[in-house]
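Overview (structure and organization)
The lines below spell out each chain.
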Amino acid sequence: MIQALTIPIRVSDVTGQKLVDVKDAPNDATIGELIEGLLPRMNMPANDNGGRTLSYQALLDRDGRHLHASELVGDTLMPHDRLVLQPEINAGAK
Amino acid sequence: MPLDEYQYALDLERPDHTSLGQFPAAMDWGPACECARFAALRAHNLVALPNTGEVTVEPAWEESRGEPHVGSVRVVLGGNGNGATAVNLPLTYFRAAAQQASRGLVAQKILQPREEFHYSVVAFRTPRSEPAKAKRAFTIEEVASPLIVKTASSRELFAQATPFGPAHAADVPLFVPQRVLDDAAALTRAAGADETAGVLIGHVCRDADDQVLFVEATDLIPAKHTRSELTAVTFTAETWTAAESAIRLRGGREIMLGWFHSHPAKFWCSPNCGPEARRECPLARSFFSGEDCALHRTVFPQAYGAALVVTHAEAGMRYAMFGWRHGLIVQRGFHVLNASRAVAEAISSEAIIGEKHEEACD
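Residues numbered from 1 in each chain as written. Chains lettered and ligands numbered in written order. Predicted model: local features only at pLDDT ≥ 70, side-chain atom pairs only at ≥ 80, totals over all residues. Heavy atoms only, no water.

Some words on the packing of aromatic side chains
All names here are of chain B. Applying the stated criterion to the full structure yields 14 aromatic pairs over all chains. Centroid distance F158 to F175: 4.9 Å. Interplanar angle 75°. Geometry classified as edge-to-face. On the criterion of sequence distance, the pair formed by F158 in helix α3 (residues 154-159) and F175 in strand β11 (residues 174-177) is long-range, its members being 17 residues apart. Members of the aromatic cluster, each reached through a chain of ring pairs, are F235, W240, W259, F288, F300 and F322. (Phe/Tyr/Trp six-rings, centres within 6.5 Å; stacked < 30°, edge-to-face > 60°. Helix = DSSP H or I, 4+ residues; strand = E, 2+ residues; numbered from the N terminus.)

Examining the nonpolar core
Side chains that are nonpolar tend, in soluble globular proteins, to be buried together. Counting 53 residues, the largest nonpolar core has I9(A), V11(A), L38(A), L77(A), L83(A) and L85(A) as the members making the most contacts within it. The contact partners of L83(A), leaving out residues within four places of it in the chain, are I9(A), R10(A), V11(A), S12(A), L34(A), A58(A), L59(A), L60(A), L67(A) and L77(A). (Core = buried A, V, L, I, M, F, W, Y, C linked by side-chain atoms within 4.5 Å. Buried < 20%, exposed > 50% of the residue type's maximum accessible area, 1.4 Å probe, protein only. Contact = heavy atoms within 4.5 Å.)

Considering helix α4 (residues 178-191) of chain B
All names here are of chain B. Over its 14 residues, α4 extends 20 Å from the first C-alpha to the last, a length consistent with the 20 Å expected when each residue adds 1.5 Å. Where α4 is concerned, the buried positions are Q178, V180, L181, A184, A185 and T188. Angular distribution of buried residues about the axis of α4 spans 165°; they occupy a single face of the element. Positive backbone phi, at 60°, marks G192, one or two positions downstream of α4. (Expected span 1.5 Å × (residues − 1). Arc of directions from axis to C-beta.)

Let's talk about the pairing of strand β20 (residues 328-332) of chain B
Residue and element names in this part refer to chain B. Here β20 lies mainly inside the structure; 4 of its 5 residues are buried. With 5 bridges joining them, strand β19 (residues 316-325) and β20 adopt antiparallel strand pairing. By the bridge assignment, G323 is partnered in β20 with V330. Count of turn residues in the β19/β20 antiparallel hairpin: 2 residues, of which H326 carries a positive phi of about 50°. (Pairing = 2+ DSSP bridges.)

Description of the domain arrangement of chain B
Residues and elements named next belong to chain B. Annotation of chain B at the domain level lists domain 1 (3-125) and domain 2 (149-353). The gap between the C-alpha centroids of domain 1 and domain 2 is 28 Å. Taken together, the contacts link 17 residues of domain 1 with 17 residues of domain 2. Counting the surface lost from both domain 1 and domain 2, the interface buries some 1400 Å², and carbon and sulfur atoms represent 64% of this. Sorting the residues of domain 1 by area buried against domain 2 places P31, F38 and R42 first, and these three jointly supply 38% of that buried surface. On the surface where domain 1 and domain 2 come into contact, there are 1 salt bridge. (Domains from an automatic or database assignment. Buried area = accessible area lost by both parts, 1.4 Å probe. Salt bridge = Lys/Arg side-chain N within 4 Å of Asp/Glu carboxyl O.)

Considering the sheet that holds strand β3 (residues 19-25) of chain B
Residue and element names in this part refer to chain B. Read from one edge to the other, the open sheet built from 3 strands follows the order β3-β2-β7, with strand pairing classed as antiparallel. On the outer flanks of this sheet lie β3 and β7 (118-125), each paired with one strand and no other. The mean inter-strand angle of the sheet, taken between neighbouring strand axes irrespective of direction, is 25°. Strand direction decides the pairing type here: strand β2 (residues 6-13) and β7, joined by 8 bridges, are antiparallel. Pairing of Q7 across the sheet is with F124, part of β7. (Axes fitted to C-alpha atoms, helices over the stretch in contact; angles between N-to-C directions.)

Re the interface of chain B and chain A
Contact with chain B, which involves 50 residues of that partner, is made by 45 residues of chain A. Buried surface at the junction of chain B and chain A, summed over both partners, amounts to about 4200 Å²; 52% is from carbon and sulfur atoms. Connecting chain B to chain A are 4 salt bridges. Where K23(A) meets E141(B), a salt bridge forms, and the shortest distance between an N and an O atom there is 3.5 Å. At the boundary of chain B with chain A, the tally comes to 19 residue pairs in polar contact (both at pLDDT 80 or more). (Polar contact = N/O pair within 3.5 Å; in protein donor to acceptor, adjacent residues only side chain to side chain.)

This is the structure:
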């Protein structure tokens, strides 16, 4: 059987109000590469107030697990899975 | 992403019109798009937020000088048809970019810190170019907004509400129960010298009678799995997971409306300050820092997104609410449901947003 090279998934931000369908997430892409490609297209900042790179984790809704950036899309995700992009971010007196 | 065919630049000058130079401005139109989407929701009695795909951003030229001098920026949703919504952004939208440019001038000692300067905006049409090829190419399609607008009665809420803070006609009414403020105050008190935080949840509503939109906060979910310090609190991935789980468990179809965090100002005050000085401490003034603005932009860019700041001052708790207006973060008023006497009598002071706020007692 010929295996698909891409899979369709759905991605949202933490509020659930920003929702996109990725039609063809490449199987051989890492989760980190997927996140990096999604942020500008979902209009989500990549840097914090000081210009430092924001850290985003992807929560796999199906099993409630945070995925590692190095995991491969094809190894980790199933078609129509939902990911939630969650930033680690500061509030503070700066 | 909005369609934007212009490159914007800022002309900075001293008050005596001496030029300080022209600086390119890489603009973040995200909040402007959200403003346009919410304006469409308000104006056209829609049941869901329109997608961002049809948003265009274009300069409106100054009447006196014309192109390339920008008088305002027009954000249009829905093309030129009858159903289109247009929002005009004032030049204050470029203020953060102007401050960014001025910081470079301060670093070069061309400007003194906090020295006054003025800015104007110019725009130049840029040729359309192919977007940079992403490391990993894939196709995305925006899904129709899942925002559920609840039908409710604003008259019932106004009947039990006390206005608090600076009101503005452009702001969608925001109702917050007294117990949410009480919960925020309790969390603040319990955290002592550390900052603490939470997630505001509730509904975006449309009045059954006059179709006017309003926002009703229903609860505050304490932020778990945060890292808290004297002057910072960090939301982690686990924080968001826990908040979403709590919302799902409640089963009330509530959404994340915004967030809360505290300023333990009485613990910032110098131990050398006497009782009178501590009561008047400038550190007790409400503010929304640059980091707070960045968090609000990152997580709550929706036009209805709100941020409650509770300042634990020597004189007691002070409340300030922040939100979006024309794509900018401002201090805003809200309505307290079943307000306690303490809140009804509290004075909401003018807050500092983004700029350098007080960092010391003297």
